[in-house]
Amino acid sequence: MSYEINGAGVHYKEVNERIKATGDSDIFIKNACGHRYLGAGTSGKNITIDGIPGNALGAYLNGSRIVVNGNAQDAVADTMNSGEIVIHGNCGDTTGYGMRSGNVFIKGNVGYRVGIHMKEYREHRPVIVIGGKAGDFLGEYQAGGIILLLGLDTPSDVSPVGGFPATGMHGGKIFIRSEAKFEGLPSQIVLSDATDADKELFAPFVRKYTEYFGGNADEILSSHFYTLTPNSSNPYKQFYCQN
Amino acid sequence: MAINYIPANFDVVRDHTRCIKCRVCERQCSNEVHYYDEELDTMLCNETDCVDCQRCVSLCPTKALKILPNENRFRKNVNWRQQLMVEAYKQAETGGILLSAMGNPEEFPIYWDKLLLNASQVTNPSIDPLREPMETRVFLGKKSNEVKYDSEGDLVLSNTAPHLELSTPIMFSAMSYGSISYNAHASLAKASKELGIFYNTGEGGLHKDFYEYGPNTIVQVASGRFGVHKDYLDTGAAIEIKIGQGAKPGIGGHLPGAKILEDVSRTRMIPMGTDAISPAPHHDIYSIEDLRQLVLSLKEATEYKKPVIVKIAAVHNVAAIASGVARSGADIIAIDGFRGGTGAAPTRIRDNVGIPIELALAQADFRLREEGIRDNVSLVVGGSIRCSTDAVKAVALGADAVYIGTAALLALGCHLCRDCQRGLCNWGIATQKPELVKRLNPEIGYKRLVNIVHAWDHEIKELMGGMGINSIEALRGNRLMLRGVGLNEVELELLGVKHAGTAI
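Owing to the predicted nature of the structure, the values given are computational and were not obtained by experimental measurement.

### Some details on the overall build of chain B
Moving on, step 1. On a plain count of helices and strands, chain B comes out with 15 helices and 23 strands.
Moving on, step 2. A globule of 504 residues ought to have a C-alpha radius of gyration of about 23 Å, and chain B, at 24 Å, matches this closely.
Moving on, step 3. The burial tally for chain B puts 55% of its 504 residues in the buried class.
Moving on, step 4. For chain B, the accessible area works out to roughly 21,600 Å², and carbon and sulfur atoms hold 52% of it.

### Description of a nonpolar patch on the surface
Moving on, step 1. A surface patch of nonpolar side chains, amounting to about 500 Å² of accessible area, comprises Val 147, Tyr 149, Leu 155 and Leu 157 of chain B.
Moving on, step 2. Mapped onto the secondary structure, Val 147 of chain B falls in the loop between β7 (138-140) and β8 (148-149).

### Quick notes on helix α7 (residues 288-301) of chain B
Moving on, step 1. Here α7 of chain B spans 20 Å end to end across 14 residues, near enough to the 20 Å set by a 1.5 Å rise per residue.
Moving on, step 2. For α7 of chain B, the tally of buried residues reaches ten of 14 residues, placing the bulk of the element in the interior.
Moving on, step 3. Among the residues of α7 of chain B, those classed as buried are Leu 291, Gln 293, Leu 294, Val 295, Leu 296, Ser 297, Leu 298, Lys 299, Glu 300 and Ala 301 of chain B.
Moving on, step 4. Buried-residue contacts for α7 of chain B involve α1 (12-21) of chain A together with β13 (217-221), α5 (230-235), β14 (238-242), β17 (308-313) and α8 (318-326) of chain B.
Moving on, step 5. Following α7 of chain B by one or two positions, Glu 303 of chain B has its phi on the positive side, about 55 degrees.

### Thoughts on unusual backbone geometry
Residues and elements named next belong to chain B.
Moving on, step 1. Residue Gly 383 is joined to Ser 384 through a cis peptide bond whose omega torsion reads 5 degrees.
Moving on, step 2. As for its position among the elements, Ser 384 is in the loop between β20 (378-382) and α11 (388-396).
Moving on, step 3. At Arg 23, a position not held by glycine, the phi torsion is positive, near 70 degrees.
Moving on, step 4. With respect to the helices and strands, the residue Arg 23 is situated in the loop between β1 (10-14) and α1 (24-28).

### Concerning the domain arrangement of chain B
All names here are of chain B.
Moving on, step 1. Domain annotation for chain B reports domain 1 (2-96) and domain 2 (138-143 + 169-499).
Moving on, step 2. Spacing between the C-alpha centres of domain 1 and domain 2 amounts to 33 Å.
Moving on, step 3. Taking both sides of the interface into account, the surface hidden between domain 1 and domain 2 amounts to around 1,100 Å²; carbon and sulfur atoms contribute 45%.
Moving on, step 4. Among the residues domain 1 hides against domain 2, the three largest losses belong to Ser 30, Cys 53 and Arg 55. Together they make up 46% of the total.

### Looking at the sheet that holds strand β18 (residues 332-336) of chain B
Residue and element names in this part refer to chain B.
Moving on, step 1. Read across the sheet, eight strands follow the order β11-β21-β20-β18-β17-β14-β13-β12 without closing on themselves; strand pairing throughout is parallel. Either end of the sheet is taken by a strand with one partner, and the two such strands are β11 (170-172) and β12 (199-200).
Moving on, step 2. Sitting on the sheet, helix α14 (residues 442-467) touches β11 and β21 (401-404), and the angle it makes with β11 is about 160 degrees.

### Notes on the pattern of salt bridges
Residues and elements named next belong to chain B.
Moving on, step 1. The final tally for this structure, using the stated rule, is 37 salt bridges over all chains.
Moving on, step 2. Residue Glu 87 pairs with Arg 348 through a salt bridge whose shortest N-O separation is 2.8 Å. Highlighted residues: Glu 87 in helix α3 (residues 82-94) and Arg 348 in helix α9 (residues 347-352), separated in sequence by 261 residues.
Moving on, step 3. Residue classification places Glu 87 among the buried residues on the basis of a relative accessible area of 4%.
Moving on, step 4. Of the residues examined, Arg 348 reaches a relative accessible area of 37% and is grouped as partly exposed.
Moving on, step 5. Across the salt bridge formed by Lys 230 and Asp 234, the nearest N and O atoms sit 2.8 Å from each other. Of this pair, Lys 230 and Asp 234 both sit in helix α5, four residues apart, which is roughly one turn of that helix.
Moving on, step 6. By relative accessible area, Lys 230 is classed as buried at 13%.
Moving on, step 7. Given a relative accessible area of 33%, Asp 234 falls into the partly exposed group.

### Side note on the packing of α8 of chain B against helix α10 (residues 357-370) of chain B
Residue and element names in this part refer to chain B.
Moving on, step 1. Put simply, α8 and α10 touch, their axes get as near as 8 Å, and they point 50 degrees apart. One finds that α8 runs oblique with respect to α10. α10 is crossed by α8, and the crossing has right-handed handedness. Contacts from Val 318, Ala 319, Ala 320, Ala 322, Ser 323 and Ala 326 in α8 reach Ala 360, Gln 363, Ala 364, Arg 367 and Leu 368 in α10.
Moving on, step 2. Looking at side-chain class alone, the contact of α8 with α10 contains eight nonpolar, two polar and one charged residues.

### Some details on the environment of His 458 of chain B
Residue and element names in this part refer to chain B.
Moving on, step 1. Structurally, His 458 is set in helix α14.
Moving on, step 2. Judged by its relative accessible area of 53%, His 458 falls in the exposed class.
Moving on, step 3. Each C-alpha atom, one on His 458 and one on Met 134, is 9.8 Å from the other, the two residues being 324 residues apart in sequence.

### Observations regarding the interface of chain B and chain A
Moving on, step 1. Counting residues at the interface gives 51 residues for chain B and 39 residues for chain A.
Moving on, step 2. Here chain B and chain A share an interface that buries about 4,000 Å² over both sides, 53% of which is from carbon and sulfur atoms.
Moving on, step 3. Contact with chain A buries surface across chain B, with His 283, Gln 293 and Glu 300 of chain B losing the most and accounting together for 17% of the total.
Moving on, step 4. Viewed at the interface, chain A and chain B are joined by two salt bridges.
Moving on, step 5. On the surface where chain B and chain A come into contact, there are 22 residue pairs in polar contact (both at pLDDT 80 or more).
Moving on, step 6. The set of elements that each furnish at least two residues to the side of chain B that touches chain A consists of α3, β5 (97-100), α5, α6 (262-268), β16 (276-278) and α7 of chain B.
Moving on, step 7. Per element, the largest residue contribution to the side of chain B that touches chain A is eight residues, and it comes from α7 of chain B.
Moving on, step 8. Where strand β12 (residues 240-242) of chain A lies against β5 of chain B, three bridges are found, and the strand directions are parallel. If you follow Cys 241 of chain A over to β5 of chain B, its bridge partner there is Leu 98 of chain B.

### Concerning α11 of chain B
Moving on, step 1. Counting buried residues along α11 of chain B, eight of its nine residues qualify, which places the element largely inside the surrounding structure.
Moving on, step 2. Buried residues along α11 of chain B sit in contact with β6 (115-117), α10, β20, β21, α14 and β22 (482-484) of chain B.

### Observations concerning the packing of α11 of chain B against α14 of chain B
Residues and elements named next belong to chain B.
Moving on, step 1. For the pair α11 and α14, the least separation of the axes is 9 Å and the interaxial angle reads 50 degrees. By the angle between their axes, α11 is oblique relative to α14. Considering how the two elements wind past one another, α11 and α14 form a crossing that is right-handed. For the pair formed by α11 and α14, the contact residues are Ser 388, Thr 389, Ala 391 and Val 392 on the first element and Trp 456, Glu 459, Ile 460, Leu 463 and Met 467 on the second.
Moving on, step 2. When its residues are assigned to classes, the contact of α11 with α14 shows six nonpolar, two polar and one charged.

### Considering the side chain of Arg 483 of chain B
Residues and elements named next belong to chain B.
Moving on, step 1. If you trace the backbone, Arg 483 turns up in strand β22.
Moving on, step 2. Although Arg 483 is buried, it makes no salt bridge; Asp 365 carries the closest opposite charge, 14 Å away.
Moving on, step 3. Looking at Arg 483, its side chain comes within polar contact range of the main-chain oxygen of Leu 480, at 3.4 Å.
Moving on, step 4. Leaving out residues up to four positions away in the same chain, Arg 483 has contacts with Lys 114, Leu 115, Leu 116, Lys 498, His 499, Ala 500, Thr 502, Ala 503 and Ile 504.

### Observations regarding the pairing of strand β4 (residues 62-69) of chain A
Residue and element names in this part refer to chain A.
Moving on, step 1. With five bridges connecting them, strand β3 (residues 46-52) and β4 associate as parallel partners. Bridge pairing in β4 links Asn 46 to Arg 65.
Moving on, step 2. Both β4 and strand β5 (residues 82-87) contribute to a ladder of five bridges, which runs parallel. When the sheet's bridge partners are listed, Arg 65 is paired in β5 with Glu 84.

Rules behind the numbers
- Residues numbered from 1 in each chain as written.
- Chains lettered and ligands numbered in written order.
- Predicted model: local features only at pLDDT ≥ 70, side-chain atom pairs only at ≥ 80, totals over all residues.
- Heavy atoms only, no water.
- Helix = DSSP H or I, 4+ residues; strand = E, 2+ residues; numbered from the N terminus.
- Rg over C-alpha atoms; globule rule 2.2 N^0.38 Å.
- Buried < 20%, exposed > 50% of the residue type's maximum accessible area, 1.4 Å probe, protein only.
- Areas by Shrake-Rupley, 256 points an atom, 1.4 Å probe, with all protein chains shown as cover.
- Patch = residues over 30% accessible without salt bridge, like charges linked within 9 Å, V, L, I, M, F, W, Y side chains within 5 Å.
- Salt bridge = Lys/Arg side-chain N within 4 Å of Asp/Glu carboxyl O.
- Expected span 1.5 Å × (residues − 1).
- Contact = heavy atoms within 4.5 Å.
- Domains from an automatic or database assignment.
- Buried area = accessible area lost by both parts, 1.4 Å probe.
- Pairing = 2+ DSSP bridges.
- Axes fitted to C-alpha atoms, helices over the stretch in contact; angles between N-to-C directions.
- Parallel < 35°, antiparallel > 145°, perpendicular 65-115°, else oblique.
- Left-handed = near helix turned anticlockwise from the far one by under 90°.
- Nonpolar A, V, L, I, M, F, W, Y, C, P; charged D, E, K, R; others polar.
- Polar contact = N/O pair within 3.5 Å; in protein donor to acceptor, adjacent residues only side chain to side chain.
- Lys, Arg positive; Asp, Glu negative; His and termini not counted.

The structure is reproduced here in structure tokens:
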């Protein structure tokens, strides 16, 4: 039996207080409607949310697991340190801003600037898996980790990613399932076809995706993927002259 | 190739009658200026690389060295100053953005130097701080705007907003581990604890060794989110969201990969050798509402126990921005003036963007008062506060406290050679090279920081006593204690002070 919180008519502050106060690790929040910062900074909780949580869901998340049975809004997993967030729907802008570790799975589409400034560190390697499409500036300033864009509902000759992906990227990898031609990538980005080693790297996350949301992992993995990587971890080195 | 020859800035003058060829200068110079020539049995130098940090001069046992400006000058030209010509040559050679360090050194007005303080004479007598209690303690954070009494008529403390308590209205401003050394941070942390004030991690994370100084630490959250995690937020006494910096308003920061060695990498939680890039804006903040979201997410993550500071650079529209920030849920606004220091900033931006802190502070204070929200926030100013009188004048212009960065570094041995960006600081401050870092002894460093702040605190009390004020709170925004000299009407109006000679 999980600890239940009815979000209807209750301020987010109180919902969060209850999440932190309860000794139960399994928490079910029903009637979420724009409640912000749900689960922010928590560890060791297993939170299931019915409805639509507000911005900054799971910000600074420190090991908890959050499942949303619906859409989520902006700034999901902001500066997330560890844990897992699973969204059975679409998700807004700046998902995974500066996230350092843990996994975020989104069944559907995401907004702008997703994965911005994600970073990895030693054994920490954040992963964002997006089932649908992504808006502009995917992986902007990406400094580490993996962004996996599956584009499942997009015809293979249409790119599932918006404009200006990987702008300022200087670490990590972006994998995009598509056969459509890529144009307009910044000069520091190397575009290549995903190798077997690449696929081996992201296959467990595809399998996890299908486990959560359904679909055929092998079929997805047999498609063509692009790999985007930066050609330098010091993109600004040649930019300056000492004065 | 002669076309790319840049003349040395300095002449290294050695008195060979004094020099004993002990080679201390050679060992001390990370720029490799001095060297010993065995054939000639003499010390020679390559002055081109000299940055005038005064390390060799300070340590020469026979005082045989002097660093002077190079007298070889280009033809004098008021418009095309030599510095501009040299910069043109450098850019023609490299195609790069000019990079400098420390605060704007150019000739812009310094309003602190054009403001004079009042003192009591005959009536309203001055107070002797050696004899009378003087209060320089301040509390930073939202102040309650209502007074409540219970049925017994006793005062009810209704203000539950979190505060910072400072023994004196001075804090060490944000300087990241990475831009400055471990030993510099150790000095700042230890001094803050002893002084009962705060230092600021900057956007470099908090080294595990310094968690014990958490109650005297302000942890910063900036656009790159380096080192930001739950424990870090929980450890600090306050959280500062960095929106802007006086030395480089409107742009982000790049800590070059070369400075990201093992320890810095662990503290920032990023890989070694990778550039640490803080994007110019927070890409999730495009409005005051968005700022509010970050403020509240930090408060939510730390259970509303810590005040949140929002640091902005002093720019043209600073008063309106401060008003917005005051409505964002922030408890403290820090404003950084255009003279503020930096470990590295594009020269053109450092020297041309932003406005003087004196004007920014006066205008922000006016605006917040005008809108009746001054007590919703505390105001902290920096960039640059050079001495106790700058601090006192800042308080009289409306500040609750000041941030000092450069002055603190001077206490640690900095000689303002303004070459931090190369990471070769001979004084062990702005460097990550172990052989240089160890030159700064944190035990000595921290005592010098304690000394300078104590000295300023004494001076502040003397100045307050002279004005007949025994509590720094009574000086805050007290512009009657200020008079301008040599300022025009617009400047006086913006500052809200009368010209010297005008009676009360």
